[in-house]
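Each chain is listed here by its residues.
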Amino acid sequence: MSSFRIRPRFKHLIKSTEKGELERHICDELRKSKQFVFTHIIGHIYIKIHPKEQHVWSPQLHLSFEQEDENVVVRGLYGPNPTVWALFFFGYVGLGILSLFAGIWGTSLWSLGKEATVLWLVPLFAALAGGLYIVSQAGQKLGAQQMFDIHHFYENLSHDKIVVN
């Protein structure tokens, strides 16, 4: 699971007659766990690390359930706390917009024959985006053990080997 993926995911097919029954089983097992807390909305379960062990980089697992004939499809999505996710998303968007404007302004000045030193901001913003990516990867490594814990909990619960894409 430790890779260049931003938000690893999986798809798991379970032979079961009703998704609600599967959701109740998972919720019952989560209530017994002292390591995890969860939020259950019909069709979705969010598994998080217990607040006592949680830090900024703690991951969470979002499980969604879909009924397909006599099978239940469980889709899992690992990700950071939504606040952390939003911070990085808006950081990338902001740097992208700033570099776009700096590039337009700089090329306009350059095409007019004026000095276009503002163009140096484009590689600076690209370097900042690279730095943001490195920070996100370092944070993902800090939360890797907790991600493995959540993943192994789900594997033990489903009695199946789950391949993360």
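Just so it is clear, the model here is predicted, and its values are computed rather than measured.

On to unusual backbone geometry. Residue aspartate 69 is not a glycine yet carries a positive backbone phi of 55°. Looking at where aspartate 69 falls in the secondary structure, it is placed in the loop between β4 (59-68) and β5 (71-80).

When you line up the elements, glycine 94 lands in helix α2 (residues 82-111). Of the residues examined, glycine 94 reaches a relative accessible area of 26% and is grouped as partly exposed. Distance in space between the C-alpha atoms of glycine 94 and alanine 129 is 9.7 Å, their sequence separation being 35 residues.

Turning next to the packing of aromatic side chains. What characterises a pair of aromatic rings is the spacing of the ring centres plus the angle enclosed by the ring planes. Under the criterion given, the structure shown has five aromatic pairs. Centre to centre, the rings of phenylalanine 10 and tyrosine 78 are 6.0 Å apart; their planes meet at 50°, and the pair counts as tilted. A residue pair is termed long-range when its members are at least 10 positions apart, and phenylalanine 10 in strand β1 (residues 9-15) and tyrosine 78 in strand β5 qualify at 68 residues. In this structure, phenylalanine 10 and tyrosine 78 share a single accessibility class: buried.

Evaluated as defined, the whole model comprises five salt bridges. Between arginine 24 and glutamate 18 there is a salt bridge, with its nearest N and O atoms 4.0 Å apart. Here arginine 31 makes a salt bridge to aspartate 28, at a shortest N to O gap of 3.1 Å. Note that arginine 31 and aspartate 28 are positioned in helix α1 (residues 19-32) at a spacing of three residues, about one turn of the helix.

Looking now at the nonpolar core. Formed by 23 residues in total, the largest nonpolar core has its most connected members in Ile26, Leu63 and Tyr154. Take this core: its biggest share by element is five residues, from helix α4 (residues 144-158). Once residues lying within four places of it in the same chain are set aside, the contact partners of isoleucine 26 are Ile45, Leu63, Phe65, Tyr154 and Leu157.

Basis of the calculations
- Throughout, a residue's number is its position along its own chain's written sequence, starting from 1.
- Where totals are concerned, whole chains, interfaces and linings use all residues; where local detail is concerned, this predicted model gives features only for residues with pLDDT of at least 70, and gives and counts side-chain atom pairs only at 80 or more.
- Water and hydrogen atoms were dropped before computing side-chain values, which therefore reflect all heavy atoms in the structure.
- Going along the chain from the N terminus, every DSSP run of H or I of four or more residues is numbered as a helix, and every run of E of two or more is numbered as a strand.
- Here's how the labels work: a residue is buried when its accessible area is under 20% of the maximum for its type, exposed when over 50%, partly exposed in between, all with a 1.4 Å probe on protein chains only.
- Note on ring pairs: Phe, Tyr and Trp rings are taken, using the six-membered ring of Trp, and paired if centres are within 6.5 Å. Classes follow the plane angle, with under 30 degrees stacked, over 60 edge-to-face and the rest tilted.
- By definition here, a salt bridge exists when the distance from a side-chain nitrogen of Lys or Arg to a carboxyl oxygen of Asp or Glu is within 4 Å.
- Joining through side-chain atoms within 4.5 Å is the link that ties buried Ala, Val, Leu, Ile, Met, Phe, Trp, Tyr and Cys residues into a set, and such a set is a nonpolar core.
- Residue contacts are defined here by distance: any two heavy atoms, one from each residue, within 4.5 Å place the two residues in contact.

Treat this as a map of the structure, not an account of what it does.
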